[in-house]
Amino acid sequence: MELLLIGLGCLFIFSGLIGSFIPVIPGPPFSFFGLLCLKFHSEIKEEITSEWLIVYGIIMLLISILDYALPIWGTKRFGGTKAGQRGSTFGLLLVVFLGVGIPILGILGVILAPFLGAVLGELIAGQSSNTALKSGFGSFLGFLSGTVLKLTYGFVMAFEFLKHCLRYWL
């Protein structure tokens, strides 16, 4: 049973890291579940305190929320209007739903969709192309920030997972 928990944890950790880039895989929750698997391991469970799991869980929730909010905030920060914010959100949601059926659309789309959505939203609202491009750039920076947060969290969870597993095996 212990090897099954470690194997399942490895699968979750790996999926969490991949999910930092692919929109249809919830990276931070998968990484958290990987570490959570060790809480049920008979010899490792004492090393992983409930307090730390709560802290990591709260951080996971915050990062998951920020992942969707940062492109919108970036759009606003770079001078975008509500139309650009809506366009960024619509582009991101559209690619998440379409990305399930078309994997390449998910990878490329999650990078381009918030940018293009913000630009198109601004242009439809009658803004200049310069304002629209700045708004799209802000959305893109927000997306990159979210990706960095998810990836950092994934690596921290992977480090914690490996640290506890190595203590078990050594």
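**A look at the side chain of Ser31**
Within the fold, Ser31 resides in helix H2 (residues 27–38). Setting aside anything within four residues of it in sequence, one finds Ser31 in contact with Phe12, Ile13, Gly16, Leu17, Tyr153, Gly154 and Met157.

**Topic: a nonpolar patch on the surface**
Taken together, the side chains of Leu108, Ile111, Leu112, Leu116, Leu120, Leu123 and Ile124 make up a nonpolar region of the molecular surface, amounting to roughly 670 Å² of accessible area. Its place among the elements puts Ile111 in helix H5 (residues 103–124). Residue class for Ile111 comes out partly exposed when judged on its relative accessible area of 33%.

**Some details on the environment of Phe30**
With respect to the element layout, Phe30 can be found in helix H2. Under the relative-accessibility criterion, Phe30 is labelled partly exposed at 25%. The spatial distance from the C-alpha of Phe30 to the C-alpha of Met60 is 9.6 Å, given a sequence separation of 30 residues. Those residues in contact with Phe30 that lie beyond four places of it in its chain are Phe12, Ile13, Ser15, Gly16 and Ile25.

**A word on the confidence of the model for the protein**
Averaged over every residue, the pLDDT of the protein is 84; residues scoring 70 or more account for 92%. Per-element averaging of pLDDT across the protein places H5 at the bottom with 78 and H2 at the top with 91.

What counts, and at which threshold
Residues numbered from 1 in each chain as written. Predicted model: local features only at pLDDT ≥ 70, side-chain atom pairs only at ≥ 80, totals over all residues. Heavy atoms only, no water. Helix = DSSP H or I, 4+ residues; strand = E, 2+ residues; numbered from the N terminus. Contact = heavy atoms within 4.5 Å. Patch = residues over 30% accessible without salt bridge, like charges linked within 9 Å, V, L, I, M, F, W, Y side chains within 5 Å. Areas by Shrake-Rupley, 256 points an atom, 1.4 Å probe, with all protein chains shown as cover. Salt bridge = Lys/Arg side-chain N within 4 Å of Asp/Glu carboxyl O. Buried < 20%, exposed > 50% of the residue type's maximum accessible area, 1.4 Å probe, protein only. pLDDT = per-residue confidence, 0-100.

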